[in-house]
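Single-letter residue listing:
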Amino acid sequence: MQPVDAERRLQAWLAEATGRSDIVLGQVLAGGNSNVTRLIETREGRLVLRHPPVNVISDRAAAGIEREYRVIAALAGRAPVPKAIAWCADPAMIGQCFAVTEWVEGVALTEHLPAGWPDTDETVNQLGLTMVEGLARVHAVDWREVLPADFARPDGFVQRQVERWLKVRAADRVRDLPLLEEIGAWLLAHQPGMDRVSVIHCDFHLDNCLVAPDRPELRVILDWEMATLGDPLVDLGLCLFFWQRDPAAVLGFPFVQGLTNRPGVMPARALAEHWSAATGFSHAAIDYYIVFAAWRLAAIVEGAWVLQTHGKVDTAYSRGLERDVPALLHEAAAILEKGKVR
């Protein structure tokens, strides 16, 4: 299909599916490593188009976009997610299935506060509080009321993940990472009991949120393609791993939620307590889940380093994994040795 024909077909489909008029496909938006996010201008207001890369034919990629759409549709009105507008399961339309959601005015933050904001610890603290408050709203939703029983397995997520990534990394091993095996074995041997099953984002940190342009207030949580069911501490653990990291350490992915790495901000324990107050759920096992978050991230992204070593990819991101993956594992080991959350 020629690009012009695909664009016309998409415009016609959008007009019928959304009831919008004067549809113009806008720019590809920054953010989101695995999927394409594109602005749609209409007379009635902006929308957002989400789809896997058109040149990637992958059932898993298509399933991720569908999963994202199902989850945000289910959480609508209950948690801070974009409004689900329309879903197209026909890959012939643009080369991939795609989702259409509402446009939300906001900014994504990584290493720096927006210009004009007070550059203070209090500003960062407010971002942390609004971040975990939004997450608490997700976790408080009873998934059985909004999702079908076959959406995902409601138990055993951590064990399946550890076993899966240990197996994958053993099969694709290109370097020695003894901490990967050691921490993985520890995680399997010390799994805490699970008090609650919730919808979990599985990649939750400040970078995957939009906040108000003029103040530290969460608008929506983005990038739900990995969402599943599990212990809500999976999500809390990842965002707290990236909070106030050891300035003396060699950090893996130092840019992720980088602006929260300030020595004067509230401790991660205070954010965990704030989350517990909002949900009514215990965070007693949060130390375990912080270690799990760092370990799982390292295990997953090592796959891109494997591709780099085999000459299948060559980007600044993949080259950086030579350092980032061991650094993540050493951070996890350091947290484990201390035996407590920062």
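Residues numbered from 1 in each chain as written. Predicted model: local features only at pLDDT ≥ 70, side-chain atom pairs only at ≥ 80, totals over all residues. Heavy atoms only, no water.

Asks: Summarise the nonpolar core; cite the residues concerned and give the values.
Replies: Counting 89 residues, the largest nonpolar core has Leu-75, Val-199, Trp-224, Leu-236, Leu-240, Phe-292 and Trp-295 as its most contacted members. The dominant element in this core, judged by the number of residues it contributes, is helix H9 (residues 286-309), at 15 residues. Residues within four places of Leu-75 in sequence aside, it is in contact with Val-81, Val-138, Val-141, Val-199 and Trp-224. (Core = buried A, V, L, I, M, F, W, Y, C linked by side-chain atoms within 4.5 Å. Buried < 20%, exposed > 50% of the residue type's maximum accessible area, 1.4 Å probe, protein only. Helix = DSSP H or I, 4+ residues; strand = E, 2+ residues; numbered from the N terminus. Contact = heavy atoms within 4.5 Å.)

Asks: For the pairing of strand S3 (residues 47-51), give the residues involved together with the corresponding values.
Replies: Side-chain direction in a regular strand flips from residue to residue, so the side chains alternate between the two faces of the sheet. Judged by how many residues are buried, S3 sits mostly within the fold: five of five residues are covered. Side chains Leu-47, Leu-49 and His-51 project from S3 onto one buried face, and the interleaved Val-48 and Arg-50 project onto a second face that is buried too. Of the pairings in the sheet, the one linking strand S2 (residues 36-41) to S3 comprises five bridges and is antiparallel in character. In the strand pairing of S3, Arg-38 is matched with Leu-49. The antiparallel pairing of S2 with S3 creates a hairpin that spans five residues between the two strands, and Gly-45 there sits at a positive phi of about 130°. (Pairing = 2+ DSSP bridges.)

Asks: Let's hear about helix H5 (residues 157-171): which residues, and what values?
Replies: Over its 15 residues, H5 extends 21 Å from the first C-alpha to the last, a length consistent with the 21 Å expected when each residue adds 1.5 Å. For H5, the complete set of buried residues consists of Phe-157, Val-158, Gln-161, Val-162, Trp-165 and Arg-169. Mapping the buried residues of H5 onto a view down its axis gives an arc of 125°, with all of them on the same face. The outward face of H5, more than 90 degrees from its buried face, is lined by the exposed residues Lys-167, Ala-170 and Ala-171. Buried residues along H5 sit in contact with helix H6 (178-189), strand S6 (198-200), strand S9 (228-230), helix H7 (233-241) and H9. (Expected span 1.5 Å × (residues − 1). Arc of directions from axis to C-beta.)

Asks: A description of helix H8 (residues 268-279) should follow, citing residues and the corresponding values.
Replies: Relative to the 16 Å expected for twelve residues at 1.5 Å per residue, H8 spans 17 Å between its end C-alpha atoms, a close match to the ideal helical length. Residues Ala-268, Leu-271, Ala-272, Trp-275, Ser-276 and Thr-279 constitute the buried set of H8. Around the axis of H8, the buried residues are gathered within 140° of arc, so they sit on the same side. Among the structural elements, helix H3 (121-140) and H7 are those in contact with the buried residues of H8. Remark: Gly-280 follows H8 within two positions and exhibits a positive phi of approximately 80°.

Asks: Please provide a residue-by-residue account of the sheet that holds strand S4 (residues 84-88), values included.
Replies: The strand order across the open sheet formed by five strands is S1-S2-S3-S5-S4, and the pairing between neighbours is antiparallel. The open sheet has two free edges, formed respectively by strand S1 (24-28) and S4, since each of these has just one partner strand. Each strand axis lies, on average, 25° off the axis of its neighbour in the sheet, ignoring direction. Inspection of the sheet shows S1 paired to S2 by three bridges, in the antiparallel sense. The residue bridging Val-28 from the neighbouring strand is Arg-38, located in S2. (Axes fitted to C-alpha atoms, helices over the stretch in contact; angles between N-to-C directions.)

Asks: I'd like a rundown of the pattern of salt bridges, residues and numbers included.
Replies: The final tally for this structure, using the stated rule, is 18 salt bridges. Of the charged contacts in the structure, one is a salt bridge between Asp-22 and Arg-43, with a shortest N-O distance of 2.7 Å. Here Arg-43 lies in the loop between S2 and S3 and Asp-22 lies in the loop between helix H1 (3-18) and S1, a separation of 21 residues in the sequence. Classification of Asp-22 as partly exposed rests on a relative accessible area of 49%. Beyond isolated ion pairs, a larger network of salt bridges with shared partners links Arg-50, Glu-68, Asp-223 and Glu-225. (Salt bridge = Lys/Arg side-chain N within 4 Å of Asp/Glu carboxyl O.)

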